[in-house]
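Secondary and tertiary structure notes
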Amino acid sequence: MPHPPPTGDRPTPESAEVFDADIHAKAAEIIGRYPVARSALLPMLHLVQSVQGYVSQEGISFCASKLDLTEAEVSAVATFYTMYKRKPCGEHLVSVCTNTLCAAMGGDAIYKKLQDHLGENGTPLGHEETSGTPGEPGSITLEHAECLAACDLAPVLQVNYEYFDNQTEQSAVELVDALRKGEKPHPTRGAPLTDLKSVELQLAGFFPDDEQFTADVDGPSAAEETLRGAKLAQERGWVAPAMRDEEANHG
Ligand code: FES
């Protein structure tokens, strides 16, 4: 099948209005990290999401023109991964894990509670719907998420991909209320809270250039519960059985 003709670096009039010279420069930097331009698509989608809080049609056009892809190819990727949003998002993205373990430990109840709490006029907030005006301070987009890789700390939720472990319905409600008031409660572990657009820029590979940021991000990331099994094994002298080839080498 013939490759589609190159579209070249020709942003559409719409995308030219949305993405300024700084974003064009950042796009060039991202593309320069890869031997082939199309390999830069995932961080490029994060870059456009950092501008508008979602991947708009202008964002699709921008990526296609920069990466020599068709808009259909960019759309196919943007709609495949759940981290790329196709509707404007709130200042914060709250992701509640409702996968098996978290669900059984209270995740389903937390999600339902937040749906009701963030909804209006008795209508619960739906998946990927936003409470407040998208992009405005205190606005929150709610989603249910698959396993967030923190099952030992279930039930968990994330705000802008930072972890809040061992949640309850009450702690989750207090958390979103604080976010709506403009507060930034510190996650259980990892980096301090910012907002979704700032995190999207980081996911595109651009980090604040200051020592405090580095120090904050370098904070502890392994929780007590995560390390408990390894500590217990150490105390009791438990070791994993040798691999077969190790046994053969040692006769
Ligand atoms: S099931 Fe929720 S983090 Fe794994």
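Residues numbered from 1 in each chain as written. Predicted model: local features only at pLDDT ≥ 70, side-chain atom pairs only at ≥ 80, totals over all residues. Heavy atoms only, no water.

An unreviewed UniProt entry lists the chain under the name NADH-quinone oxidoreductase subunit NuoE, with Haloechinothrix salitolerans given as the organism. Its UniProt record gives the chain the following Cofactor (unreviewed entry) comment, quoted word for word: "[2Fe-2S] cluster". Turning to the chain, the UniProt annotation filed under Sequence similarities (unreviewed entry) states: "Belongs to the complex I 24 kDa subunit family." (UniProt positions renumbered as here; feature names shortened; annotations may be inferred.)

Moving on, we come to the packing of aromatic side chains. Pairs of aromatic rings are described using the distance from one ring centre to the other and the angle between the two planes. If you walk through the whole model with that rule in mind, you get three aromatic pairs. With a centroid separation of 4.6 Å and 35° between ring planes, the pair formed by phenylalanine 19 and phenylalanine 62 is classed as tilted. Placement of phenylalanine 19 in the loop between helix H1 (13-18) and helix H2 (21-32) and of phenylalanine 62 in helix H4 (residues 57-67) is noted, with a sequence separation of 43 residues between them. Between tyrosine 81 and tyrosine 84, the ring centres sit 6.2 Å apart and the planes meet at 85°, which makes this aromatic pair edge-to-face. Accessibility expressed as a relative area gives 39% for tyrosine 81, which makes it partly exposed. Exposure remark for tyrosine 84: the relative accessible area of 6% places this residue in the buried category. (Phe/Tyr/Trp six-rings, centres within 6.5 Å; stacked < 30°, edge-to-face > 60°. Helix = DSSP H or I, 4+ residues; strand = E, 2+ residues; numbered from the N terminus. Buried < 20%, exposed > 50% of the residue type's maximum accessible area, 1.4 Å probe, protein only.)

On the secondary structure map, glutamate 73 appears in helix H5 (residues 71-80). Here the alpha-carbon distance between glutamate 73 and isoleucine 60, two residues 13 residues apart in the chain, equals 9.3 Å.

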